[in-house]
Every structure is written in structure tokens, then in C-alpha cells.
Amino acid sequence: MDKLSEAQLNYLRKRSFHRRKVIWGRLALLVILLAAWETAARTGLINSFIFSCPSRVALTAWEMASDGSLWLHLGVTLGETLVSFLAVTFFGLLAAVLLWLFPAASEILEPYLVMLNSLPKSALAPLLIVWLGNRISTVIVAAVSVAVFGSIITLHTGFQEIDNDKVKLIYSLGGTKKDVMFKVIIPGSIPMLISNMKVNVGLCLVGVIIGEFLSAKAGLGYLIIYASQTFKMDWMLMSIVILCLISTLLYQGIHMLEKKW
């Protein structure tokens, strides 16, 4: 193995130093924000009953984790998010493939997909409750409705932008539309699909929380609504902090998948 030159070593050192600087900068910013929040609550600059503080949020999380109630709500929300995310990924890809295979259907359905994607999904939630009842399936359907139409549009648009020369080459060699799809379109769209998954996982979490606000007996969204009605602000802020952590972990999980790909 060839040795790296001094210039290459210097470049790698600078890259490594920059990464460490960014990581420590992020941690320092987090510590400063938490310390400022805690100090403001303890000194009376903000109302500790309304805004709570990090120590009380951490204590609440510890107490609820100890009695098992936190794991119940966390498991429900995480499970609904993962199921809805898998459903969006599957149905989004399937619909985009069918629209590419049948261009006439694509032209007919395009304005309806745009309309459904633009529709505020919170407006659909009460209707879903009437149709499906107050159950977990209602929350999952609400979450899917938030992300699936945008996913279909994005993937279908990406399919249409694949290098046309490669498509012509497949046809010139006697290939069929199926060959184009599975040998050119799908392989060439993997980076776009993973990027789309990054967006969808966050949207699914948003959809799950919207659904739990209106139709749930457990979950972090239910916990937020219950806490707001009983003025248990420690519970509410704890749930919001956990949602931030979940969204970050899910995004980073897909990001790691992208890097390995």
C-alpha cells in the first residue's frame, strides 16, 4: 500500500479536526441552551410551571420509565411510525412504478395527486375517525396520508428524469419496458429513494402525532394532549424532547443506510 503524501496527511488531519470541531460545537450549544433554560427557570426569569426545566423533565422521564408507562407510550408511537413508514415506502414506490409504466394514467391522475398532497392532512383526521373508529389503524392511515402522495410524486418525477440514453440503449438491444424499469430506472433511482425515505420518516412521525392528538388511547401524541388538558407541563415537554430524539435517530438510521449503500 502506497504511503500518503504530506499534503494528503495534512488534508486528512484538517478534515478530522473539522469533524471534531463540529461535534464539540453541537454539544456545547446543547449544553448552553439547557443550562440557560435551567437557570432561567430557577431564577424566575421564566415561569417554571409553564416552561418547566431540564431537571424536572429528566426527573419526570425517570419516574415514568421506572413505572413502565413511558415505555408503553414510546412503543406505541414508535411502532405506528415504523409501520406507516414501511407502508409509505412500499405504496409510494409501487404507485410510482405503475404511473411510469402507464403514462396515460399518470397524466390523468397527476392533478389529483397534487391536490391530495397539498390538502392539509389534519382536515382528514376527523373524517378518518368516523370511517375507521378510534383505533391504532386510524392513526397509521392518517400518518400514511401525510407522506404517501408526496412520495409518489417525487419518485415518479425522478423516474422520468433518468438518463434517456440508457433507456434507448435497452430498447435498441431488444429490451422491454420491464427491462428498462428493473435494469435502469430502479437501480438509478436508489439514491433518490433513500433521500425520499429521509423525508418520509419525519412526515410519518408528524402524521402519527396528528392521529394520536385526535384518536388514540396511548402514545406520545396522546400524552401531549392529556398533559395540556391537565397542565402537566413536565409531561408535555418530556414528550416533545423524546419526539425530537426519535426523529433524529430515525433520520440518522436512514443516513447510515445511505452511506453504506
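Here's a quick rundown of the structure.

Conventions used here
Residues numbered from 1 in each chain as written. Predicted model: local features only at pLDDT ≥ 70, side-chain atom pairs only at ≥ 80, totals over all residues. Heavy atoms only, no water. Helix = DSSP H or I, 4+ residues; strand = E, 2+ residues; numbered from the N terminus. Buried < 20%, exposed > 50% of the residue type's maximum accessible area, 1.4 Å probe, protein only. Contact = heavy atoms within 4.5 Å. Areas by Shrake-Rupley, 256 points an atom, 1.4 Å probe, with all protein chains shown as cover. Lys, Arg positive; Asp, Glu negative; His and termini not counted. Charge placed at Lys NZ, Arg CZ, Asp CG, Glu CD. Arc of directions from axis to C-beta. Core = buried A, V, L, I, M, F, W, Y, C linked by side-chain atoms within 4.5 Å. Axes fitted to C-alpha atoms, helices over the stretch in contact; angles between N-to-C directions. Parallel < 35°, antiparallel > 145°, perpendicular 65-115°, else oblique. Nonpolar A, V, L, I, M, F, W, Y, C, P; charged D, E, K, R; others polar. Patch = residues over 30% accessible without salt bridge, like charges linked within 9 Å, V, L, I, M, F, W, Y side chains within 5 Å. Salt bridge = Lys/Arg side-chain N within 4 Å of Asp/Glu carboxyl O.

Before going further, it helps to examine the overall build of the protein. When you go through the protein residue by residue, the secondary structure sums to 12 helices and 0 strands. When the helices and strands of the protein are read in sequence order from the N terminus, they spell out α-α-α-α-α-α-α-α-α-α-α-α. C-alpha extents for the protein along the principal axes are approximately 75 × 70 × 30 Å. The proportion of buried residues among the 261 residues of the protein is 36%. Long-range pairs, those at least 24 residues apart, make up 71% of the contacts in the protein with a sequence separation of at least 6. In the form shown here, the protein has an accessible surface area of approximately 16100 Å², with 70% of it arising from carbon and sulfur atoms. One finds the centroid of the 22 positive side-chain charges in the protein at a distance of 6 Å from the centroid of its 15 negative side-chain charges.

This part takes up helix α11 (residues 220–230). Structurally, the α-helix is built with 3.6 residues per turn, so residues lying three or four positions apart point the same way. For α11, the complete set of buried residues consists of Leu220, Gly221, Leu223, Ile224 and Ala227. Each buried residue of α11 lies within a common arc of 160° when the element is viewed along its axis, so the set occupies one face. Those residues of α11 that are buried are in contact with α3 (54–67), α4 (69–101), α10 (190–214) and α12 (233–260). A positive phi of about 60° marks Phe231, the residue just after α11.

It is worth spelling out the nonpolar core at this point. Side chains that are nonpolar tend, in soluble globular proteins, to be buried together. Of all hydrophobic cores here, the largest spans 48 residues; its most connected members are Ile185, Leu220, Met238, Ile242 and Ile246. Breaking this core down by element, the ones donating at least two residues are α3, α4, α7 (136–160), α8 (164–172), α9 (177–188), α10, α11 and α12. Setting aside residues up to four positions removed in sequence, Ile242 forms contacts with Leu70, Leu74 and Leu220.

Between α3 and α4, whose axes approach to 4 Å, the crossing angle comes to 90°. Here α3 is positioned roughly perpendicular relative to α4, judged by the angle of their axes. Here Ala61, Met64, Ala65 and Asp67 of α3 lie close against α4, whose contacting residues are Ser69, Leu70, Trp71 and His73. Looking at side-chain class alone, the contact of α3 with α4 contains 5 nonpolar, 2 polar and 1 charged residues.

This brings us to a positive patch on the surface. On the surface, Arg15, Arg19, Arg20 and Lys259 cluster together to form a positively charged patch. Considering every element that reaches the positive patch, the biggest residue donor is helix α1 (residues 6–43), with 3 residues. Summarising the element assignment, Arg15 is placed in helix α1.

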